[in-house]
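# Descriptive analysis of the structure
As a plain string of letters, each chain reads:
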Amino acid sequence: CRAHFILYGRVRVREINHEMRHFIDLDGGVTHQPIPAPLGKQLSAEFSELLPRRVSIPTENELLSFQFTSEWADIVAKYIIGIAAAYSGDLDYAEALYTDALEILIGKDHNFPIYKKISERIPIRLSELYETRATAAHLAWVETHADIHINRLGEYLDKVSEPRLETPRVLNLRAI
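These numbers were taken from a predicted model, which means no experiment stands behind them.

### Quick look at the side chain of Ser88
- Take Ser88: it is sitting in the loop between α2 (62-87) and α3 (91-106).
- Side-chain polar atoms of Ser88 contact the backbone oxygen of Ala84, separated by 2.9 Å.

### A word on the pattern of salt bridges
- Using the criterion set out here, one finds 16 salt bridges in the structure.
- Taking the shortest distance from any N to any O, the salt bridge between Arg21 and Glu19 comes out at 3.0 Å.
- Looking at Glu19, the relative accessible area reads 29%, which means it is partly exposed.
- Measuring nitrogen to oxygen at the nearest pair gives 2.6 Å for the salt bridge that ties Asp92 to Arg133. Taken as a pair, Asp92 in helix α3 and Arg133 in helix α4 (residues 113-144) lie far apart in primary sequence, 41 residues in all.
- A relative accessible area of 11% places Arg133 in the buried class.

### Notes on the packing of aromatic side chains
- Applying the stated criterion across every chain yields a total of six aromatic pairs.
- An angle of 75 degrees between the planes, with centres 5.0 Å apart, marks the rings of Phe68 and Phe112 as edge-to-face. Within this pair, whereas Phe68 is found in helix α2, its partner Phe112 is found in the loop between α3 and α4, the two being separated by 44 residues in sequence.
- Among the aromatic side chains, those forming a connected cluster through ring pairs are Phe68, Trp72, Phe112 and Tyr115.
- The aromatic ring of Phe47 is capped on one face by Arg53, whose charged end is 5.7 Å from the ring centroid.

### Brief notes about the sheet that holds strand β2 (residues 19-31)
- Pairing within the open sheet is antiparallel, and its three strands lie in the order β1-β2-β3. With partners counted over all chains shown, the strands left at the sheet margins are β1 (4-16) and β3 (54-58), one partner each. Between one strand axis and the next, the sheet turns through 20 degrees on average, direction left out of account.
- Where β1 meets β2, 13 bridges bridge the pair, whose relative direction is antiparallel. From the neighbouring strand, Tyr8 faces β2, where its bridge partner is Asp27.
- Helix-sheet contacts for α2 involve β1, β2 and β3, and the interaxial angle to β3 is about 160 degrees.

### Comments concerning the nonpolar core
- Among the nonpolar cores identified, the biggest contains 38 residues, and Val76, Tyr79, Ile80, Tyr98, Ile118 and Ile122 are the most heavily contacted of them.
- Contributions of two or more residues to this core are made by β2, α1 (37-50), β3, α2, α3, α4, α5 (147-158) and α6 (168-175).
- At nine residues, α4 tops the list of elements feeding residues into this core.
- Those residues in contact with Val76 that lie beyond four places of it in its chain are Leu50, Leu51, Ile114 and Ile118.

Calculation criteria
Residues numbered from 1 in each chain as written. Predicted model: local features only at pLDDT ≥ 70, side-chain atom pairs only at ≥ 80, totals over all residues. Heavy atoms only, no water. Helix = DSSP H or I, 4+ residues; strand = E, 2+ residues; numbered from the N terminus. Polar contact = N/O pair within 3.5 Å; in protein donor to acceptor, adjacent residues only side chain to side chain. Salt bridge = Lys/Arg side-chain N within 4 Å of Asp/Glu carboxyl O. Buried < 20%, exposed > 50% of the residue type's maximum accessible area, 1.4 Å probe, protein only. Phe/Tyr/Trp six-rings, centres within 6.5 Å; stacked < 30°, edge-to-face > 60°. Lys NZ or Arg CZ within 6 Å of the ring centre and 35° of its normal. Pairing = 2+ DSSP bridges. Axes fitted to C-alpha atoms, helices over the stretch in contact; angles between N-to-C directions. Contact = heavy atoms within 4.5 Å. Core = buried A, V, L, I, M, F, W, Y, C linked by side-chain atoms within 4.5 Å.

The values are spatial; any link to function lies outside them.
See the structure below:
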């Protein structure tokens, strides 16, 4: 898909209120195939919303805190790269990344707002992939009238999650 992802930053140690703390400043970027400006803005907004930009960690429990921050960044990276892969047309890779992130989130505390947001968004993103695949199957069926394509259309629509079932595109494909 020719997508590239970079996560970079710096770590500083400072004393705040007589306590030594690590301050982590993170930033990142993802490249992808050309997409419409509104999609680019949406991707950028999600990246900014979910990535841990500034983290303060007491030096006392630094190992656990660094591990948590690393896992947080890993899940966000899988999710964001998945979006970029989907926008670039690599639906299989996007699905694999979403599924992997969702499996990692199973054992995590969903009281943490970022984990909660991602675990709510991944099923929607997966549904978008299935809708795209269903549309492609429909177009293949229109060209060939081969039963395999209409069967795939049904298989993909069966995987679409509840909130997306009432969208016009899904309703039209289900009618077909």
